[in-house]
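# Geometric and topological summary
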Amino acid sequence: MTADAPSLPDSAAAPPRRGIRSFVVRAGRMTEAQTRALAELGPRWIVPYAEAAVDWPQVFGRDAPRVLEIGFGMGDATAEIAAAQPQTDFIGVEVHPPGIGALLQRIDAAALTNLRIIQHDAVPVLQHMIAPHSLAGLHIYFPDPWPKKRHHKRRLIQPEFVRLAASRLRHGGYLHCATDWQPYAEHMLDVLGAEPALRNTTGDYAPRPAWRPVSKFERRGLRLGHGVWDLVFTAR
Ligand SMILES: C[S@@+](CC[C@H](N)C(=O)[O-])C[C@H]1O[C@@H](n2cnc3c(N)ncnc32)[C@H](O)[C@@H]1O
C-alpha cells in the first residue's frame, strides 16, 4: 500500500498517522558523495527509526547530556556545534536525504563521535524514541515558516507539539528556536509563552547565543534582508 492509498476509517488505521506534516520530502538531487555517504556511513551513524525507546548511553557509549535538533537541513551548523561541544551528545533529526548525506560526510570529515542521525519525522521520534524528561536541550533552527495562511497548520511550532517537546526536556533543559520570518517569530513567542511547562528565559526574544553558528538557511535569509529572532525557553 502506498502513502497515497485511500484513507481507511480511523478504527482500521494502524498505527495512527498524523495527517498534517511540517515538511514535504522533495526528490532533491543527491550528489554522488552524499549517496555514497548514505550507503557507507549511514549504517554507522544513523539510528534506525523505531517505535521504541532507545538506550542512548549504549548508542553513544557514555551517559552525557543529550541535545536533539529537529530539521538540521544540510547539517553545517549541527556539525559545528557538535565539534565545539564534545562533552554533549547530539541527535539530529531530518527527513531530507541530501542533507542527511551531507551531515554524514561532515561527521566523517571531522571524526565526530558525539552526533547521531535519525531519518524520520521528528514528532513520532520524540513520542517513541526519546524518554520523557531526558533531554538537556532541543534545537529548532529556521523551521519551515509556511508563510501562506492556508499552510499555517503545517508549522511545526503548535501548542500540541510544544507540549510534547517540553515533556521530553529534563528540569531546566532548554528549547532554543530561531527563525528569520517575523510572523513566525511572533507566533512562536505566543505559543511557547502559553505552554505552562516552559519559562521564557528573557520574557521576550533572546540575544543570539555566540555558540549558534549561522546556518545555510539563515545565510539565505540574511542575504534577502531578513531579520533573525532567537527564543530560549527552559523546562520548569
Ligand atoms: C528551512 S529548513 C532549515 C534547515 C536548517 N536548520 C538551517 O537552518 O539551515 C527546515 C528543515 O526542517 C526539516 N523538517 C521540517 N519538519 C521536520 C520534521 N517534522 N522532522 C524532521 N525534519 C523536519 C525540513 O526537511 C528542512 O530540511
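To be clear, the structure that these remarks concern was listed above.
Since this is a predicted model, take the numbers as computed values, not measurements. The numbering scheme is per chain: residues are counted from 1 as the chain's sequence reads. This being a predicted model, a pLDDT of at least 70 is required before a residue's local features are given, and a value of 80 or more before pairs of side-chain atoms are given or counted; all residues contribute to the totals for chains, interfaces and linings.

Each residue gets a C-beta atom placed from its backbone. If that atom is within 6 Å of a molecule or strand, the residue is near it. Gly71, Gly73, Ala122, Ser215 and Phe217 are the nearest of the 23 residues found near the ligand. Residue assignment for the shell around the ligand shows that the elements contributing at least two residues are β2 (89–94), α5 (122–129) and α8 (216–223). The helix and strand labels rest on DSSP assignments: H or I over at least four residues marks a helix, E over at least two residues marks a strand, and numbering proceeds from the N terminus. Sorting elements by how many residues they give to the shell around the ligand places α8 first, with three residues. Basically, the charged four are Asp, Glu, Lys and Arg, the nonpolar ten are Ala, Val, Leu, Ile, Met, Phe, Trp, Tyr, Cys and Pro, and anything else, Gly included, counts as polar. Counted by class, the shell around the ligand contains 12 nonpolar, six polar and five charged residues.

What follows covers the environment of Gly227. Locating Gly227 in the fold gives a position in the loop between α8 and β7 (229–235). With C-beta atoms placed from the backbone, a contact is any residue pair whose C-beta atoms sit within 7 Å. Leaving out residues up to four positions away in the same chain, Gly227 has contacts with Asp180 and Gln182.

On to the environment of Tyr49. Its location among the elements puts Tyr49 in the loop between α1 (32–45) and α2 (56–60). Partly exposed residues are those falling between the two cut-offs: more than 12 but fewer than 20 other C-beta atoms within 10 Å of their own, whereas 20 or more means buried and 12 or fewer means exposed, with C-beta atoms placed from the backbone. The exposure class assigned to Tyr49 is partly exposed, which follows from the 15 C-beta atoms found within 10 Å. In the structure, Tyr49 is positioned 80 residues away from Met129 in sequence and 7.9 Å away in space, judged by C-alpha atoms. Leave out the neighbours within four places in its chain, and Tyr49 touches Ile118, Gln119, His120 and Val125.

Here we come to the packing of α5 against helix α6 (residues 159–168). Angular values range over 0 to 180 degrees, each being the angle between N-to-C directions of two axes fitted as lines to C-alpha atoms, with helices fitted over their stretch in contact. As a packed pair, α5 and α6 sit with axes 10 Å apart at the nearest point and diverge in direction by 40°. In terms of axis orientation, α5 runs oblique to α6. Every pair of crossing elements has a handedness; the one defined by α5 and α6 is left-handed. Of α6, the residues touching α5 (which contributes Val123, Leu126 and Gln127) are Phe161, Leu164, Ala165 and Arg168. For the contact of α5 with α6, the per-class residue count stands at five nonpolar, one polar and one charged. Any angle between 65 and 115 degrees counts as roughly perpendicular, while under 35 counts as roughly parallel, over 145 as roughly antiparallel, and the rest as oblique. Here is the rule for handedness: rotate from the far helix to the near one, and if that takes an anticlockwise turn smaller than a right angle the crossing is left-handed, while a clockwise turn gives right-handed.

So, about the sheet that holds strand β5 (residues 169–179). Any two strands are treated as partners once DSSP identifies two or more bridges connecting them. Pairing in this open sheet of seven strands is mixed, and the strands run β3-β2-β1-β4-β5-β7-β6 from one edge to the other. In this open sheet, the two edge strands, each paired with only one partner strand, are β3 (115–119) and β6 (198–200). In this sheet, adjacent strand axes meet at a mean angle of 20° when their direction is disregarded. Bridge analysis of β2 against β3 gives five bridges, and the strand direction is parallel. In the sheet register, Phe90 faces β3, and the bridge partner there is Leu115. Against the sheet, helix α7 (residues 182–193) touches β5, β6 and β7, its axis set at about 15° to β7.

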